[in-house]
Amino acid sequence: MFLSVLKSRSIRRLASLPPPRGVSKVTECNRRSFSGNNGEFSSFKPSWRIFHLWELQVATRYFSSDMLIGKGGYAEVYKGCLQDGQLVAIKKLTRGTPEERTSDFLSEIGIIVHVNHPNTAKLIGYGVEGGLHLVLELSPYGSLASLLHESNRVLEWGIRYKVALGTAEGLIYLHETCPRRIIHRDIKTENILLTENFDPQITDFGLSKWLPDQWSHHTVTKFEGTFGYLAPEYVMHGIVDEKTDVFSFGVLLLELITGKRALEKDEQSLVMWAKPLLDKNKIRELVDPFLGNSYDQQQMNHLASAAALCIQRSSSLRPRMSQVVPLLKGKETGSGSGQGPTLRRTYSEEFFNVQVEEYSRGRYLKDLNRHKQIALEC
Ligand SMILES: Nc1ncnc2c1ncn2[C@@H]1O[C@H](COP(=O)(O)OP(=O)(O)OP(=O)(O)O)[C@@H](O)[C@H]1O
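The name given to the chain in an unreviewed UniProt entry is non-specific serine/threonine protein kinase, with Papaver nudicaule as the source organism. Taken verbatim from the UniProt record of the chain, the Subcellular location (unreviewed entry) comment is "Cytoplasm". Looking at the Sequence similarities (unreviewed entry) heading of the UniProt record, one finds this comment for the chain: "Belongs to the protein kinase superfamily."

See below:
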């Protein structure tokens, strides 16, 4: 029972960590053009609104079970219809102590109000009466997980390819071009919503971290995230940086290619299953049997090559997201080693390369089991 929950839900215990001593507030934002003369947020105009409880109750027919469209590890998500007719998704935080819920809510809202990209979920507003609620644009199809893994309809290749590209664009935005450097930390099929045109939108910023530019990485001391998507350096050392998201994105690519889940019911890890086939370039054996021959061979090869690079054990061998997009399109990027001209090496690249290289399959599984045990004890 517990393991089936783990398959799809993230483990979230620490919403945020205090900044380490000696780290001053960010004074420079040289990667982005967002800063105004009077501070980084001077040009920011809030577009969200605050909802009364009665508005949310009316919209969801008093949070009727008929309106429940999703359930994560921390929240129930209801479909709602606002008085002006707009359809919305209302995420009601349900798990944890009041303090944990408040911390999760502030953490998620603090990120989502500042992201603005076609491939990130849109916040309409929030409500804090009678519980903590986020009001988001409704995705008519729900999550990628529901379309890929829970639907009777086979998700056609064109959509899978579009989702791969759009999600990569969304991650480039979070990592490199949005006002702050954001690490999502829980990229998985459940956290990719689809618009009516099947454009993907990254959602669930409950675990996300703002990393000041001068921080090489963030280290967590408690285990958070979703099994099956976790990068080795995170499992080993708790290191969080852009490359941990790249690893998770690689797993998501594998799910699009194979139609399999990141962690199957028998706990078979998709990465472990796919790696030998990728290494031997046996792409055909990877492809979702339900696709038959209905896919573009070249696009498939591009996705498989990108996936192979993204799931490398050594984070330095993984590309950055800005290098992944050309790979997905089949364009040469020069080096696959992830050394972008404007971005420095990440912490995990600098210090943990050798150790991570030596991180064997057996050790990975052992650590995974250890963390499951820890999660059970929490
Ligand atoms: N805007 C939306 N439109 C439609 N469905 C949504 C929307 N937001 C969330 N959902 C559905 O609700 C599910 C749970 O949402 P979400 O991942 O935000 O909750 P959570 O409790 O934070 O999850 P997790 O356990 O991953 O932390 C999603 O996987 C999706 O199926």
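Past the structure itself, the notes keep going.
### A closer look at the UniProt feature "binding site: ATP" (unreviewed entry) in the chain
Using the residue numbers shown here, the UniProt feature "binding site: ATP" (unreviewed entry) corresponds to K92. Among the secondary structure elements, K92 is positioned in strand β4 (residues 87-93). In contact with K92, not counting residues within four places along its chain, are F63, Y74, A75, E76, L132 and H133.

### A short note on the sheet that holds β4
The strand order β1-β5-β6-β4-β3-β2 describes an open sheet built from 6 strands, whose pairing is mixed. Two strands lie at the open edges of the sheet, namely β1 (49-50) and β2 (68-71), each paired on one side alone. Taken together, the 4 bridges between strand β5 (residues 123-127) and strand β6 (residues 133-137) define a ladder with antiparallel strand orientation. Each bridged residue has a counterpart across the sheet, and for Y126 the counterpart in β6 is L134.

### Description of helix α7 (residues 242-258)
If you check α7, its first and last C-alpha atoms are 25 Å apart, about what 17 residues at 1.5 Å a residue would give, namely 24 Å. N-cap assignment for α7: the residue whose side-chain oxygen lies 3.0 Å from the backbone N of K243 is D241. Positive backbone phi, approximately 75°, marks G259, located one or two places after α7.

### Considerations on the pattern of salt bridges
A side chain with one charge may pair with a side chain of the opposite charge, provided their charged atoms come close. Overall, the coordinates contain 11 salt bridges when judged by the stated rule. Between K91 and D204 there is a salt bridge whose closest N-O contact spans 3.4 Å. In this pair, K91 is assigned in strand β4 and D204 in the loop between β9 (200-202) and β10 (209-211), connecting sequence segments 113 residues apart. For the pair K91 and D204, a shared accessibility class is recorded, and that class is buried.

### Section: the side chain of Q201
The topology assignment puts Q201 in strand β9. At a separation of 3.3 Å, a polar atom in the side chain of Q201 contacts the main-chain carbonyl oxygen of P118. Among residues more than four places away in sequence, those in contact with Q201 are P118, N119, T120, A121, K122, N191, I192, L193 and T195.

### As for the confidence of the model for the chain
Regions with low pLDDT carry predicted coordinates that are not meant to be interpreted in detail. Considering every residue of the chain, the mean pLDDT works out to 81; 74% of them sit at 70 or more. Contacts for the low-pLDDT stretch residues 1-8, under 50 throughout, to residues beyond four places or in other chains number 18 contacts. Contacts for the low-pLDDT stretch residues 335-345, under 50 throughout, to residues beyond four places or in other chains number 29 contacts.

### What to know about the packing of aromatic side chains
As enumerated under the stated definition, the model contains 4 aromatic pairs in all. Between Y141 and F198, the ring centres sit 4.3 Å apart and the planes meet at 15°, which makes this aromatic pair stacked. Separated by 57 residues along the polypeptide, Y141 in the loop between β6 and α4 (144-149) and F198 in the loop between β8 (192-194) and β9 bring together distant segments of the chain. By relative accessible area, Y141 is classed as partly exposed at 31%. The exposure class assigned to F198 is buried, which follows from its relative accessible area of 14%. The lysine or arginine in question, R49, covers the ring of F51, its NZ or CZ lying 4.1 Å from the ring centre.

### Focus: the environment of T219
As for its placement among the helices and strands, T219 is situated in strand β11 (residues 218-219). T219 sits in the partly exposed class, given a relative accessible area of 37%. Residues T219 and I311, spaced 92 residues apart in sequence, show a C-alpha to C-alpha distance of 20 Å.

Calculation rules
Residues numbered from 1 in each chain as written. Predicted model: local features only at pLDDT ≥ 70, side-chain atom pairs only at ≥ 80, totals over all residues. Heavy atoms only, no water. UniProt positions renumbered as here; feature names shortened; annotations may be inferred. Helix = DSSP H or I, 4+ residues; strand = E, 2+ residues; numbered from the N terminus. Contact = heavy atoms within 4.5 Å. Pairing = 2+ DSSP bridges. Expected span 1.5 Å × (residues − 1). Polar contact = N/O pair within 3.5 Å; in protein donor to acceptor, adjacent residues only side chain to side chain. Salt bridge = Lys/Arg side-chain N within 4 Å of Asp/Glu carboxyl O. Buried < 20%, exposed > 50% of the residue type's maximum accessible area, 1.4 Å probe, protein only. pLDDT = per-residue confidence, 0-100. Phe/Tyr/Trp six-rings, centres within 6.5 Å; stacked < 30°, edge-to-face > 60°. Lys NZ or Arg CZ within 6 Å of the ring centre and 35° of its normal.

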